[in-house]
Amino acid sequence: MHDFIIKRAALVDGRQVDIAINDGKIVSVNETQSSSELAKKIIDLAGKYYLSAGWIDSHVHCYPASPIYHDEADLVGVASGVTTVVDAGSTGSNDVDDFYRLTRAAKTHVYAFLNIAKTGIVTQNELADMTQIDKQAVSEAIARNPGFIIGIKARMSSSVVGKNGIKPLVRAKEIQQENNQLPLMVHIGNNPPDLDEIADLLTQGDIITHCYNGKPNRILTPAGTLRESIQRALKRGVRLDVGHGSASFSFDVAELAIKQGIYPHTISSDIYCRNRLNGPVHSLATVMSKFFSIGLSLEQVIRCVTENAAQALRLTHKGVLGVGYDADLTIFELKQQPQVFSDSEGKSVTGEQYLVPLAAFVAGDLVLTDEGKLKDVFSL
Ligand SMILES: [Zn+2]
C-alpha cells in the first residue's frame, strides 16, 4: 500500500503515467493502463494536468531577516509550485546559521549559496571592502552547515565591488578550491569589472547569473553577437542562469541570444518580496512563461527548472521523475490565453500561453496553490 498514487499525469514529453509515492520517494512511474497498485490516497489528473519533477528555483532571496532582499521561503516556493529554492547570497558567514534556523519550519526545501562577504547583502556594496572576505570564516560556515550551503556567491558588478575590480572573484575561486569545488554563482551587472575579465576566470560548473541582463556589460557585443569570452566559457562548461530580478532581464537580449542557440541552462527568478508583489518577477512560473514567446518549448522550459537545475546545484536526488528520486513534484496547467509580460527594462511582450502551478508534492506531502484549491481533483 503506497502513501499516494497520482493517476494519468500528463508529462511534457507527451506520455501519460501513474506515479506512486512512498516515504517521500518516488517508488514507481508506469505508463497508465499497466498499473493496478493500491494507495492510501489517489489523485486522478485524467490526462488534463501536467506533472513534472518539482520545480527548483536556483536564485531567490528568502532570508526573512535581510534588511534589503527579504521574503518567506514558502511564498517564493510552494505557494507557486516551487519545491526547492536556493537563496543566492543573502547571507554570509555572519548570518547563515540564523538563516538556516529561520527556514526550518518552511515546507519548501531551502538551500543557500553563501556570500563570500561575511555580512552577505546587508548593503549593496558588500565587496567594496576586501576585509569582508574572510576565508577562514567561509570555510567554517560551510563546515557547520553541510547539506544547506551548496555553493558560494560573488556579486561582481561595479556597485558591489567598488574599486576592487576583479579581485573579489580571484578570492572566490580560491575559496572554491579550498572547499571541495562547490558550485560558484557569479552575478554580472555594470562594469567594472568587465564581463570578459570575469568570464575568463570561470571554470566548469561555475554559474553566470543575470545572463540576459540588458546592461552594457551584457553577454552580447554591440553588434548583437555572443562575446568571445562567453563562447570560450561555455565551451569550458560554464552555465548560464537567468536570475530575472528587478533589473536583470531583457527580452531583447534573451531573444537575440536564443536565436543564436545561446539557451539558459537554468531559469531562475531572483525573486524577493518587492519584485514578487510589484513585478516584474511575480513568480518562477511567470519567469518561465516569458520564454515561450522567445523561442523555448515547454519541454525546454521545464528541463531548466528540474534536471538542469538539479545538476547545476548537485542535488543528485532531485530534478528527475524516476524511481528512487525525492517525491518532489509540481502539477500545473498550461493556459492558452494571451498574457502581457514585462521584462526589467520596461519592455512588454504579449505571450499566447502561460503556466499555472496547481499543486506541489514536497518530500511526498501535497501542498495546494490558491489556484489548485479551486480544482475538485485535489479534494481528497
Ligand atoms: Zn539575487
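Residues numbered from 1 in each chain as written. Predicted model: local features only at pLDDT ≥ 70, side-chain atom pairs only at ≥ 80, totals over all residues. Heavy atoms only, no water.

Structural notes on the coordination of the zinc ion
Surrounding the zinc ion are the protein donor atoms His59 (NE2), His61 (NE2) and Asp270 (OD), which sit 2.1 to 2.3 Å from the metal. All donors of the zinc ion come from a single chain, and their spacing in sequence reads H-x1-H-x208-D. Owing to a relative accessible area of 0%, His59 belongs among the buried residues under this scheme. (Donors = N, O, S within 2.8 Å, 3.2 Å for Na, K, Ca; no water. Buried < 20%, exposed > 50% of the residue type's maximum accessible area, 1.4 Å probe, protein only.)

What about the pattern of salt bridges?
Here the structure, examined in full by the defined rule, presents 23 salt bridges. When the shortest N-O distance is used, the salt bridge between Glu255 and Lys259 registers 4.0 Å. Within this pair, Glu255 and its partner Lys259 are both found in helix H8 (residues 251-259), separated by four residues, close to a single helical turn. Judged by relative accessible area, Glu255 falls into the partly exposed class, the value being 27%. Relative accessible area serves as the criterion here: at 67%, Lys259 is assigned to the exposed category. For Asp328, the salt bridge identified is with Lys318, shortest N-O distance 2.8 Å. Pair noted here: Asp328 is in the loop between helix H12 (307-313) and strand S13 (329-342) and Lys318 is in the loop between H12 and S13, with a separation of 10 residues, a long-range link. The exposure class of Lys318 is buried, given its relative accessible area of 5%. Here the salt bridges do not stand alone but share partners, grouping Lys25, Lys318, Asp326 and Asp328 into one network. (Salt bridge = Lys/Arg side-chain N within 4 Å of Asp/Glu carboxyl O. Helix = DSSP H or I, 4+ residues; strand = E, 2+ residues; numbered from the N terminus.)

Some points on the sheet that holds strand S12 (residues 239-241)
Strand order in this open sheet of seven strands is S6-S7-S8-S9-S10-S11-S12, and the pairing throughout is parallel. Each edge of the sheet is formed by a strand with only one pairing partner; in this case those strands are strand S6 (55-60) and S12. Each adjacent strand pair in this sheet contributes to an overall mean axis angle of 25 degrees, direction not counted. Across three bridges, the pairing between strand S11 (residues 207-209) and S12 is parallel. The partner of Thr209 across the bridge, within S12, is Asp241. (Pairing = 2+ DSSP bridges. Axes fitted to C-alpha atoms, helices over the stretch in contact; angles between N-to-C directions.)

Concerning the side chain of Gln176
Of note, Gln176 is situated in helix H5 (residues 167-178). Side chain to side chain, Gln176 and Lys173 meet in a polar contact 2.8 Å long. Among the polar contacts listed, one links the side chain of Gln176 to the backbone oxygen of Leu182, at a separation of 3.0 Å. The contact partners of Gln176, leaving out residues within four places of it in the chain, are Ile152, Gln181, Leu182, Pro183, Leu184 and Asp206. (Polar contact = N/O pair within 3.5 Å; in protein donor to acceptor, adjacent residues only side chain to side chain. Contact = heavy atoms within 4.5 Å.)

Focus: helix H7 (residues 228-235)
By the burial criterion, the buried members of H7 are Ser229, Ile230 and Ala233. Down the axis of H7, the smallest arc covering the buried residues is 95 degrees, so these residues share one side. Looking at H7, the residues exposed on the side facing more than 90 degrees away from the buried face are Glu228 and Lys235. The elements touched by buried residues of H7 are helix H6 (195-201) and S11. Trailing H7 by a residue or two, Gly237 shows a phi angle of about 100 degrees, which is positive. (Arc of directions from axis to C-beta.)

A short note on the nonpolar core
Membership of the largest hydrophobic core comes to 100 residues, with the highest contact counts inside it found for Trp55, Tyr212, Ile219, Ile267, Phe291 and Leu355. Of the residues forming this core, the biggest block, seven residues, is contributed by strand S14 (residues 348-362). If we ignore the near neighbours within four places in the chain, the residues touching Ile219 are Ile188, Leu195, Cys211, Tyr212, Thr225, Leu226, Arg227, Ile230, Ala257 and Ile262. In terms of nonpolar packing, the next biggest core, distinct from the first, is built from 13 residues, Ile150, Met185, Ile207 and Ala312 among them. (Core = buried A, V, L, I, M, F, W, Y, C linked by side-chain atoms within 4.5 Å.)

With respect to the pairing of strand S7 (residues 82-88)
Counting buried residues along S7, seven of its seven residues qualify, which places the element largely inside the surrounding structure. Sheet topology note: the S6/S7 ladder contains four bridges and is parallel. Within S7, the position partnered with Trp55 by the bridge is Val82. Here S7 runs beside strand S8 (residues 109-115); their pairing, made up of five bridges, is parallel. Across the sheet, Val86 pairs through a bridge with Tyr111, a residue of S8. Between S7 and its parallel partner S8, the chain crosses via helix H2 (residues 96-102), and the hand of that crossover is right-handed. (Right-handed = clockwise from strand over helix to strand, strands pointing away.)

Brief notes about H5
For H5, with 12 residues, the first-to-last C-alpha span of 17 Å sits near the 16 Å given by 1.5 Å per residue. Buried within H5 we find Pro168, Leu169, Ala172, Lys173, Ile175 and Gln176. The arc that holds the buried residues of H5, viewed along the axis, is 160 degrees, so those residues lie on one side. On its buried face, H5 is in contact with helix H3 (135-144), strand S9 (149-156), helix H4 (158-161), strand S10 (184-188) and H6. Backbone geometry just downstream of H5 places Asn180 in the positive-phi region, at approximately 65 degrees. (Expected span 1.5 Å × (residues − 1).)

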